[in-house]
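# A structural walkthrough
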Amino acid sequence: MRVLVVEDEAFLAEMIAEGLRRDALAVDVAADGLEALRKMRFGEYDVLVLDRDLPGLHGDDVCRRVVEQRLMTRVLMLTAAGTVRDRVDGLGLGADDYLAKPFAYDELLARVLALGRRARPALPPVLERAGIVLDTARRQASRDGRHLHLSRKEFAVLEALLRAEGAVVSGEDLIEQVWEEHTSYRTNAVRVTLSKLRAKLGEPPVVETVQGVGYRITSVPPSGRSGGPSTGRTS
């Protein structure tokens, strides 16, 4: 899930961003409305955490642009004004949800995750393939009953590969889905993360490299035994 936090209070913006990143979300930050529009022009976001009182371009106008352009991005509007009238006005602009400051981080996270689910087609919370079980709600992963201790990036990469249901996912797509902006495929971030993930998944290998194309989860049975040779990984 990709999130854009638009907040002119630098400390609050970074606090929200770092919290969401710890929960395995890819997060970018914009300090004003105009910067937010620029980022949305070049990247797709599932959720926009949008402060209403922004410099440069007011949060109301940013929200209107999202609605006018019929973007799939869901908008969670933040504001220090939390009266019923303010909430009604914010939702009337097209915001999907509204949260008054100050707020508890756990509530913000719950609302962001709920909006992210609405931004995408309905998907099962538990993903299974090749003996791997990934519980996205509980942030737990296992293979053949063995618990996997994954970093947030490893978890997110594994989720992206499992959601592809055996299809190939390019390195560029993994960067887009899992990492923050300005991360280049040439940084080896994907290769390093995949190397660590493969080591934790163990044998038989199930993450296959399709040369020049990308990566996929093979359909190796959970026991690692099949009537023919395992596809394994090619590099």
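Now for a look at the structure at hand. No experiment lies behind these values; they were computed from the predicted model shown.

Calculation notes
Residues numbered from 1 in each chain as written. Predicted model: local features only at pLDDT ≥ 70, side-chain atom pairs only at ≥ 80, totals over all residues. Heavy atoms only, no water. Core = buried A, V, L, I, M, F, W, Y, C linked by side-chain atoms within 4.5 Å. Buried < 20%, exposed > 50% of the residue type's maximum accessible area, 1.4 Å probe, protein only. Helix = DSSP H or I, 4+ residues; strand = E, 2+ residues; numbered from the N terminus. Contact = heavy atoms within 4.5 Å. Pairing = 2+ DSSP bridges. Axes fitted to C-alpha atoms, helices over the stretch in contact; angles between N-to-C directions.

Another aspect to go through is the nonpolar core. Nonpolar side chains in soluble globular proteins tend to end up buried together. If you look at the biggest cluster of nonpolar residues, it comprises 28 residues, and the most contacted ones within it are Val157, Leu158, Leu161 and Leu194. For this core, the secondary structure elements donating two or more residues are β7 (132-135), α6 (152-163), α7 (171-178), α8 (189-201) and β11 (214-217). Of all the elements, α6 adds the most residues to this core, at seven residues. The contacts of leucine 161, once residues within four sequence positions are left out, are Val169, Leu194, Val207, Tyr215, Arg216 and Ile217. In this structure, Leu20, Val27, Leu76 and Leu108 belong to the second largest nonpolar core, which totals 20 residues.

Moving on, we come to the sheet that holds strand β4 (residues 74-79). Judged by pairing direction, the sheet is parallel, and its five strands sit side by side in the order β2-β1-β3-β4-β5 without closing on themselves. The sheet terminates laterally at β2 (26-30) and β5 (97-100), the two strands that pair on one side only. Between one strand and the next, the sheet's axes are offset by a mean angle of 20°, whatever the strand orientation. Sheet analysis places strand β1 (residues 2-6) next to β2, joined by five bridges and oriented parallel. Residue pairing for β2: valine 6 is matched across the bridge by alanine 30. On the sheet, helix α2 (residues 33-42) packs against β1, β2 and β3 (47-51) and is oriented at approximately 140° with respect to β2.

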